[in-house]
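Fold and geometry: a report
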Amino acid sequence: MEDLQKQIITWRRHLHMYPELSYEEVKTAQYVEQQLKQMAHFHITRLTPTSVLAVLKGKRPGKTVAFRADMDALPIQEDTDLPFQSKHDGVMHSCGHDAHTAMLLGAAKVLSERGQAFAGELRFVFQHGEEVAPGGAVDLVAQGIMNNVDYIFALHVHPEYETGQIAIRSGKMNAAGDDFAITVQGKGGHASEPYKAIDPLIIGTEIVTALQTIVSRKMPTFDTPVLSVTMFHCGQAPNIIDDVAKIGGTIRSHDERVRVASREQLEKIVHNICLMHGATAIITWDLGCAAVINDEEATHFAKQAAEAVVGVEQTVPIQEPLFIAEDFSAYTEVVPGAMQLLGVYNKALGDPYPLHHSKFRLDEKALINGTQYFVQLAAELCPVDGNHEI
């Protein structure tokens, strides 16, 4: 197992040094394909230019199980002292996708070495474009990657959990993410004569305040969304009332009815406030992926696998659903699936920086747990005679 752990870390460090942005993962996909070609029994295809699918078929009929790793990086300048830090300026694997890919390569290696004397089919999905909505998973589902799949599983590294832990949750897991852009069209004028203008700044501040009532007053308390206004631009000079204010933000939700209702309420509030002041508004939406809902049965298998790998005490519950978006939902909308969290925090590394942070780092000793988790799931769902522990 020590050799396998070293190999996983080697893969991860190479990927970390050469990150590529969403839909630009050309060399990353080539690298993954090269590693898979050194393993036996795989049928490898490229459904898109920057993704890789490796299929391992057993000699007996059984379930078809898919495992997914995302491969893209983020437009972030790395700010760590790692000896293998990113060699690409302004691009960093600060969400751990390098680790996801390395762990799944490790599982592919172990499972290919056991041969084909198992029941069913295993699909290893190395996915592009997770960080750009609606996500590369949508592309792959459209290509038929989930056809005849019984279950799909994924892990996401997370610095809120310690190395040696796997965090499990059934049901609502990740939120749908919908971004909005509001352009308020008023009437400009001189700051000394505001009564002659229709001030989009004042109107915009009313809109920002009123939007908070969507969460506090318009939605059921047991399934409220998160609404954040993150941008407000208006004005160019202290003595000029501008014509236009621009407001932007995001809504995160776990229920599709709440998701739709939130957008409807936002549009109603914006247009009514503008009408009251004699202004107009244009609202545009960038609709992201749907919410990830972990299937109960798939989560049961995930929990069993986690307990086999890290133990019952180290298999911990995720108390609340996450409000970050994840395109893994494209898979779970069509087949039962489960995404869980892998602890990667070690206090020896210092303060735990969150995902998407320029100082994000992880404990590489945790990665073998992720590989073992996928191998254990394969052993449970596509069984073969003999001992397949690693």
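Everything quoted here is computed from the prediction, not taken from an experiment. (Residues numbered from 1 in each chain as written. Predicted model: local features only at pLDDT ≥ 70, side-chain atom pairs only at ≥ 80, totals over all residues. Heavy atoms only, no water.)

Another point: the overall build of the protein. Secondary structure assignment for the protein yields nine helices and 16 strands. Its C-alpha radius of gyration of 24 Å places the protein within 12% of the 21 Å reference for a compact globule of 390 residues. Overall size of the protein, expressed as C-alpha extent along the three principal axes, is 85 × 45 × 40 Å. Of all 390 residues assigned to the protein, the portion counted as buried reaches 53%. Of the roughly 17,300 Å² of accessible surface on the protein, 51% is carried by carbon and sulfur atoms. In the protein, 32 positive and 49 negative side-chain charges are present, and the distance between their average locations comes to 2 Å. (Helix = DSSP H or I, 4+ residues; strand = E, 2+ residues; numbered from the N terminus. Rg over C-alpha atoms; globule rule 2.2 N^0.38 Å. Buried < 20%, exposed > 50% of the residue type's maximum accessible area, 1.4 Å probe, protein only. Areas by Shrake-Rupley, 256 points an atom, 1.4 Å probe, with all protein chains shown as cover. Lys, Arg positive; Asp, Glu negative; His and termini not counted. Charge placed at Lys NZ, Arg CZ, Asp CG, Glu CD.)

Once that is clear, we can look at the sheet that holds strand β1 (residues 43-45). Pairing within the open sheet is mixed, and its eight strands lie in the order β1-β2-β4-β3-β5-β16-β6-β15. The open sheet terminates on both sides in strands that have one partner only, identified here as β1 and β15 (315-317). Direction aside, neighbouring strands of the sheet carry axes that sit 25° apart on average. Bridging between strand β3 (residues 60-70) and strand β5 (residues 151-162) involves four bridges; their strand directions are parallel. Bridging from a neighbouring strand, R68 pairs with A154 of β5. In the packing of helix α2 (residues 26-37) onto the sheet, contacts are made with β1, β2 (52-57) and β4 (119-127), and the angle to β2 comes to roughly 20°. Sheet strands in contact with helix α9 (residues 367-381) are β3, β4, β5, β6 (166-168) and β16 (337-345), and its direction is about 150° off that of β5. (Pairing = 2+ DSSP bridges. Axes fitted to C-alpha atoms, helices over the stretch in contact; angles between N-to-C directions. Contact = heavy atoms within 4.5 Å.)

Our focus in this paragraph is helix α1 (residues 2-17). Here α1 spans 23 Å end to end across 16 residues, near enough to the 22 Å set by a 1.5 Å rise per residue. Those residues of α1 that sit buried are L4, I8, I9, W11, R12, L15, H16 and M17. Taken together, the buried residues of α1 touch α2, α3 (97-113) and α9. (Expected span 1.5 Å × (residues − 1).)

On to the packing of helix α5 (residues 200-218) against helix α6 (residues 256-277), then. For the pair α5 and α6, the least separation of the axes is 10 Å and the interaxial angle reads 145°. Between α5 and α6 lies a crossing whose hand is right-handed. Residue-level inspection shows I203, E206, I207, A210, L211, T213, I214 and K218 of α5 in contact with α6, the latter providing S262, Q265, L266, I269, V270, I273, C274, M276 and H277. Of the residues assigned to the contact of α5 with α6, the class counts are 11 nonpolar, four polar and two charged. (Left-handed = near helix turned anticlockwise from the far one by under 90°. Nonpolar A, V, L, I, M, F, W, Y, C, P; charged D, E, K, R; others polar.)

Its 19 residues give α5 an end-to-end C-alpha distance of 25 Å, which sits within 8% of 27 Å, the value for a rise of 1.5 Å per residue. Burial in α5 covers these residues: P200, I203, G204, I207, A210, L211 and I214. Where α5 is buried, its residues contact β8 (176-185), β10 (226-234), β11 (240-241), β12 (244-253) and α6. Put simply, D199 is the residue that caps the front of α5, since its side-chain oxygen is 2.9 Å from the backbone nitrogen of L201. (Polar contact = N/O pair within 3.5 Å; in protein donor to acceptor, adjacent residues only side chain to side chain.)

In the predicted model, the protein carries a mean pLDDT of 96, and 98% of its residues have values of at least 70. The low-confidence segment residues 386-390 (pLDDT under 50) makes eight contacts with residues lying over four places distant or belonging to another chain. (pLDDT = per-residue confidence, 0-100.)

Moving on, we get to the pattern of salt bridges. Per the stated rule, a full pass over the model turns up 19 salt bridges. For the salt bridge of E256 with R259, the shortest nitrogen-to-oxygen distance reads 3.4 Å. Residue E256 and its partner R259 are located together in helix α6, separated by three residues, close to a single helical turn. Take R259: its relative accessible area is 7%, and that puts it in the buried class. It is possible to trace a salt-bridge network through shared partners that takes in R12, R13, D98 and E364. (Salt bridge = Lys/Arg side-chain N within 4 Å of Asp/Glu carboxyl O.)

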